[in-house]
2 protein chains.
Amino acid sequence: MEKNVKVILWGLGNMGSIIAKELFKKEGVEIVGAIARRKEKEGKDLGRLLNFDKELGIRVTNDAKSLFETTKADILLHCTTSFVEQVYYQIKLALEKRINVITIAEEMYNPWIKNQELAEKIDNLAKINNVTVLGTGINPGFVLDTLILALTGVCLEVNEIKASRINDLSPYGPTVMKTQGVGITVGEFEKGITDGTIVGHIGFLESVSTIAKYLGWKLDEIKQTREPIISNVLRKTSHVLVKPGMVAGCNHKAYGIKNGKAFITLEHPQQILPELEGIETGDYIKIKGKPEINLSIKPEIRGGVGTVAIAVNMIPHVINSTPGLKSMMDMPFCHAILSDYREWCQVLT
Amino acid sequence: MEKNVKVILWGLGNMGSIIAKELFKKEGVEIVGAIARRKEKEGKDLGRLLNFDKELGIRVTNDAKSLFETTKADILLHCTTSFVEQVYYQIKLALEKRINVITIAEEMYNPWIKNQELAEKIDNLAKINNVTVLGTGINPGFVLDTLILALTGVCLEVNEIKASRINDLSPYGPTVMKTQGVGITVGEFEKGITDGTIVGHIGFLESVSTIAKYLGWKLDEIKQTREPIISNVLRKTSHVLVKPGMVAGCNHKAYGIKNGKAFITLEHPQQILPELEGIETGDYIKIKGKPEINLSIKPEIRGGVGTVAIAVNMIPHVINSTPGLKSMMDMPFCHAILSDYREWCQVLT
């Protein structure tokens, strides 16, 4: 029998824990190491941390370097933070041990745009070590970039792109409420934007620049706005209460501009309970061109599970890829991996 | 300056003519030869045949063999007939001259399913000659197969797929009316199904088998039904009149069945003027799984222009590909090629 696909998991927060649970349901793939940031997880069994009713024999560690020294793996699934600068040294450790990397760090969907120097270093390291690095996720990674570009594949002309992802933040906890400005006053929201505590969506620069690149559009500028979504009604979740006149979320927009015209407009209004004001959640893409395309996905593709899914479904494509720092657009069309992972991977350690 | 991408076009019917016109609008790509079936086109200038107001210096020929002997090209754009058996000898001529091939022959989206022997021969010929063959189009090729699979890329589980493509045949002429049974009685429709003159959609076997393959589903059977769409109202186009009680089109369905259950259901009801009975044209995809995906594209992506677009947009991916007979699922994500074709192609003759 062929060997399983061996995965090291880095990051055992919300996303990392779901990835771990889902990988255990899949055939032909196994977790051989797990790295957590929090001290209290050091030395614990991964099964216990995931609330399984048995141990899995995988000790979680805080010491990434030692783990990479002692553990052979085909791929690192990386879900720590969002930013190229923060994840660079983590990804580097894996590459130097000839381990492929899939990361859900938002800026890694197109790391060239925020930090060309580190992107080049990652690309070189990957090539030297004959492995591949891919940044992916639901958004950035799919709905507001890769899917839009794939749809333009049936277009002869593309004149303008408008897309929005309207979601409901109700399932999320206090951290998300804070970074999206839910449950505060308009004045507090504006202060939060100024001091950087309210961030809106991370990934618009990466999505807009990727769309422009593959359509051959040389943009003059990518502009972003973050506006408070002021509620007209009472909105209430177990974590937060929004009275009329208060902020229910952050309407983050990005514009890809050329000659003063927005050729690309992406919107991601993130709020709790938009349906209370008659707004349907969904993913909406309009392509003005030849032909016109007017797409709706209702409700929106769920964020957490979507990101976990695309990360684990891309494992074979990344293992099979030529080496280097790659974009989703370099990868073959994705699809769900429902059968044995070993059927889909060409080269295993 | 780098050389243009050189295209030979085979087939100057409806689709081939649109491909020719569109390629002339694009940068970095040129038509260097054109093959037509009809005797009256032999020796004519391509510009004249396309109703351009000038000659293009490209003489259309009926003699494919001589053209391939004398003309160097990077790729053949092939749009003659739908069937593997009929296109095999045409594609072979190109491959033996080390010319890549994109074909819109429906069965070539997955030629292995109808004729494994010829598919193997094409694959071998392509590999020996270091070139690539791809079958594509809007359907099969994109809406009811590649797009569905790409959407499953954000799914952890897929339990069932239902999709339909509801279009309006009004723009089409007498040939399409005949093959879809528009404007006849139910009795005549049933006779037409029996004697094979009413064919419905070509491509369902290819779409269903491709979806099943990439989801790792071993189907017991692919079942197809073709039912008359009986009009309740008067429907009239410049080509055909459908009185109430008569047939407005063909509702063609395909089922991918395992253990008696349809895991995949694809519907393509093709008729004139469905909106007269309150039916909205569109492309609809429902994926039951984790997460659920409920997608609509309204109206449907236009068939003719969509097929032409994906055929010309895939040129760089096919030129850049490793050799062999490939599927859309082997290709990187497609996108519109709006800038100079030479920017997107790695190797040119």
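Shown above is the structure to which this text applies.
Residues numbered from 1 in each chain as written. Chains lettered and ligands numbered in written order. Predicted model: local features only at pLDDT ≥ 70, side-chain atom pairs only at ≥ 80, totals over all residues. Heavy atoms only, no water.

Novice: What is the right way to look at the environment of Ala-212 of chain A in this model?
Specialist: All names here are of chain A. With respect to the secondary-structure elements, Ala-212 resides in helix H9 (residues 204-215). Separated by 63 residues in the primary sequence, Ala-212 and Leu-149 place their C-alpha atoms 9.5 Å from one another. For Ala-212, the residues in contact, after removing those within four places along its chain, are Trp-217, Leu-219 and Ile-264. (Helix = DSSP H or I, 4+ residues; strand = E, 2+ residues; numbered from the N terminus. Contact = heavy atoms within 4.5 Å.)

Novice: Is there a simple way to think about the interface of chain A and chain B in this case?
Specialist: One widely used convention gives an interface's size as the accessible area the parts lose upon coming together. The partner chain B presents 51 residues to the 51 residues of chain A that form the contact. Note on chain A versus chain B: buried area summed over both sides is about 4200 Å², and carbon and sulfur give 67% of it. Together, Val-154, Leu-156 and Phe-333 of chain A form the three largest contributors to the area buried by chain A at its contact with chain B, with a combined 19%. The tally of links from chain A across to chain B stands at two salt bridges. In this structure, the salt-bridge partner of Lys-290 of chain B is Glu-22 of chain A, at a minimum N-O distance of 2.7 Å. The interface formed by chain A and chain B holds 17 residue pairs in polar contact (both at pLDDT 80 or more) in total. Of all elements in the fold, only helix H1 (14-25), helix H6 (146-152), strand E7 (157-168), H9, strand E14 (293-297) and helix H10 (303-313) of chain A reach the threshold of two or more residues within the side of chain A that touches chain B. At seven residues, H10 of chain A tops the list of elements feeding residues into the side of chain A that touches chain B. A per-class count over the side of chain A that touches chain B returns 32 nonpolar, ten polar and nine charged. Relative to strand E14 (residues 293-297) of chain B, E14 of chain A runs antiparallel, the two being bridged by three bridges. Each bridged residue has a counterpart across the sheet, and for Ile-297 of chain A the counterpart in E14 of chain B is Leu-295 of chain B. (Buried area = accessible area lost by both parts, 1.4 Å probe. Salt bridge = Lys/Arg side-chain N within 4 Å of Asp/Glu carboxyl O. Polar contact = N/O pair within 3.5 Å; in protein donor to acceptor, adjacent residues only side chain to side chain. Nonpolar A, V, L, I, M, F, W, Y, C, P; charged D, E, K, R; others polar. Pairing = 2+ DSSP bridges.)

Novice: Mind showing me how you'd approach the packing of aromatic side chains here?
Specialist: One pair of aromatic rings is described through two measures. These are the centre distance and the angle between the planes. Enumeration according to the criterion identifies eleven aromatic pairs over all chains in this entry. Across the ring face of Phe-263 of chain A, the terminal group of Lys-258 of chain A is positioned such that the distance to the ring centre comes to 6.0 Å. (Phe/Tyr/Trp six-rings, centres within 6.5 Å; stacked < 30°, edge-to-face > 60°. Lys NZ or Arg CZ within 6 Å of the ring centre and 35° of its normal.)

Novice: Got a minute to help me understand the environment of Glu-55 of chain B in this structure?
Specialist: Tracing the backbone through its elements, the reader meets Glu-55 of chain B in the loop between helix H2 (46-49) and strand E3 (60-61). For Glu-55 of chain B, a relative accessible area of 42% corresponds to the partly exposed category. (Buried < 20%, exposed > 50% of the residue type's maximum accessible area, 1.4 Å probe, protein only.)

Novice: Teacher, can you tell me more about unusual backbone geometry here?
Specialist: Excluding glycine, residues mostly have negative phi values, and the peptide bonds linking residues are mostly trans. With an omega of 0°, the peptide bond running from Asn-139 of chain A to Pro-140 of chain A counts as cis. For Pro-140 of chain A, the location among the structural elements is in the loop between strand E6 (132-135) and H6. Between Lys-298 of chain B and the following residue, Pro-299 of chain B, the backbone shows a cis peptide bond with an omega angle of -5°. Turning to its location among the elements, Pro-299 of chain B is positioned in the loop between E14 and helix H10 (303-313).

Novice: How do you make sense of the layout of surface pockets when you look at a structure like this?
Specialist: If a probe as big as a water molecule is rolled over the atoms, it shows which places are left empty. Residue and element names in this part refer to chain A. Looking at the second largest pocket, its volume works out to about 1600 Å³. Counting residues per element, the lining of the second largest pocket draws most heavily on helix H7 (residues 174-180), which supplies four residues. For the lining of the second largest pocket, the class distribution of residues is 17 nonpolar, 23 polar and five charged. (1 Å grid on protein atoms, 1.4 Å probe; cavity = no way out; pocket = protein on both sides within 12 Å on 5 of 7 lines; lining within 4 Å. Points joined across faces, edges and corners; volume = space filled by probe spheres on them.)

Novice: Explain the sheet that holds strand E6 (residues 132-135) of chain B to me, please; I cannot follow it from the model alone.
Specialist: Strand pairs in the sheet, formed through backbone hydrogen bonds, run parallel or antiparallel to each other. Residues and elements named next belong to chain B. One open sheet holds the seven strands; their spatial order is E3-E2-E1-E4-E5-E6-E15, and the pairing between them is parallel. A single partner strand is all that each edge strand has here, and the edge strands are E3 and strand E15 (324-326). Where strand E1 (residues 5-10) lies against strand E4 (residues 75-78), four bridges are found, and the strand directions are parallel. When the sheet's bridge partners are listed, Ile-8 is paired in E4 with Leu-76. Contacting E1, E4, strand E5 (100-103) and E6, helix H4 (residues 84-96) crosses the sheet at an angle of about 150° to E5. (Axes fitted to C-alpha atoms, helices over the stretch in contact; angles between N-to-C directions.)

Novice: Can you help me understand the pairing of strand E5 (residues 100-103) of chain A in this one?
Specialist: Sheet faces and side chains relate simply in a regular strand, where the side chains alternate between the two faces. Residues and elements named next belong to chain A. Side chains Asn-100 and Ile-102 project from E5 onto one buried face, and the interleaved Val-101 and Thr-103 project onto a second face that is buried too. Direction of pairing for strand E4 (residues 75-78) relative to E5: parallel, over a ladder of four bridges. Bridge pairing in E5 places Leu-76 opposite Val-101. One crossover worth recording links E4 to the parallel E5 by way of helix H4 (residues 84-96), and it is right-handed. With three bridges joining them, E5 and E6 adopt parallel strand pairing. Across the sheet, the residue bridging to Thr-103 is Gly-135, located in E6. Considered for its hand, the β-α-β crossover made up of E5, helix H5 (residues 116-128) and E6 is right-handed. (Right-handed = clockwise from strand over helix to strand, strands pointing away.)

Novice: In this structure, what is going on with the state of the cysteines? I would like to understand it.
Specialist: By definition, a disulfide is the covalent link that joins the sulfur atoms of two cysteine residues. Per the counting criterion, the structure on display carries zero disulfides over all chains. As a non-bridged cysteine, Cys-334 of chain B has Cys-155 of chain A as the owner of its nearest cysteine sulfur, 9.5 Å distant. No disulfide involves Cys-345 of chain B; its sulfur sits 15 Å from the nearest other cysteine sulfur, which is in Cys-334 of chain B. Residue classification places Cys-345 of chain B among the buried residues on the basis of a relative accessible area of 7%. (Disulfide = S-S within 2.5 Å.)

Novice: Teacher, can you tell me more about the relation of the copies chain A and chain B here?
Specialist: One copy of the chain maps onto the second through a rotation about an axis and a displacement along it. With an axial shift of 0.0 Å and an RMSD of 0.0 Å, the rotation relating chain A to chain B amounts to 180°. Expressed as an axis order, the relation between the two copies is that of a two-fold axis. In terms of proximity to the rotation axis, the leading residue of chain A is Pro-332 of chain A, whose C-alpha is 1.9 Å off the axis. Counting the interface residues of chain A, we find that 100% of their copies in chain B are interface residues as well, pointing to one common contact surface. (Least-squares fit on C-alpha atoms with pLDDT ≥ 70 in both.)

Novice: Can you walk me through the environment of Pro-332 of chain B in this structure?
Specialist: As for its position among the elements, Pro-332 of chain B is in the segment after E15. Taking C-alpha positions, Pro-332 of chain B is 14 Å from Gln-346 of chain B, a pair spaced 14 residues apart along the chain. For Pro-332 of chain B, the contacting residues outside a window of four places in its chain are Met-329, Asp-330, Met-331, Pro-332 and Phe-333 of chain A together with His-317 of chain B.

Novice: Before we go on, may I ask you to explain the pattern of salt bridges in this structure?
Specialist: Two side chains of opposite charge can pair, provided their charged atoms sit close to one another. Applying the stated criterion to the full structure yields 32 salt bridges over all chains. Between Glu-55 of chain A and Arg-59 of chain A there is a salt bridge; the shortest N-O distance is 3.6 Å. Note on Arg-59 of chain A: relative accessible area 48%, which makes it partly exposed. With its nearest N and O atoms 2.8 Å apart, the salt bridge here joins Lys-114 of chain A to Glu-107 of chain A. Given the relative accessible area of 45%, Lys-114 of chain A is considered partly exposed. Under the relative-accessibility criterion, Glu-107 of chain A is labelled buried at 7%. Ionic contacts of the salt-bridge type, sharing partners, join the residues Glu-22 and Lys-25 of chain A together with Lys-290 of chain B into one network.

Limitation: the analysis is restricted to geometry and does not speak to function.
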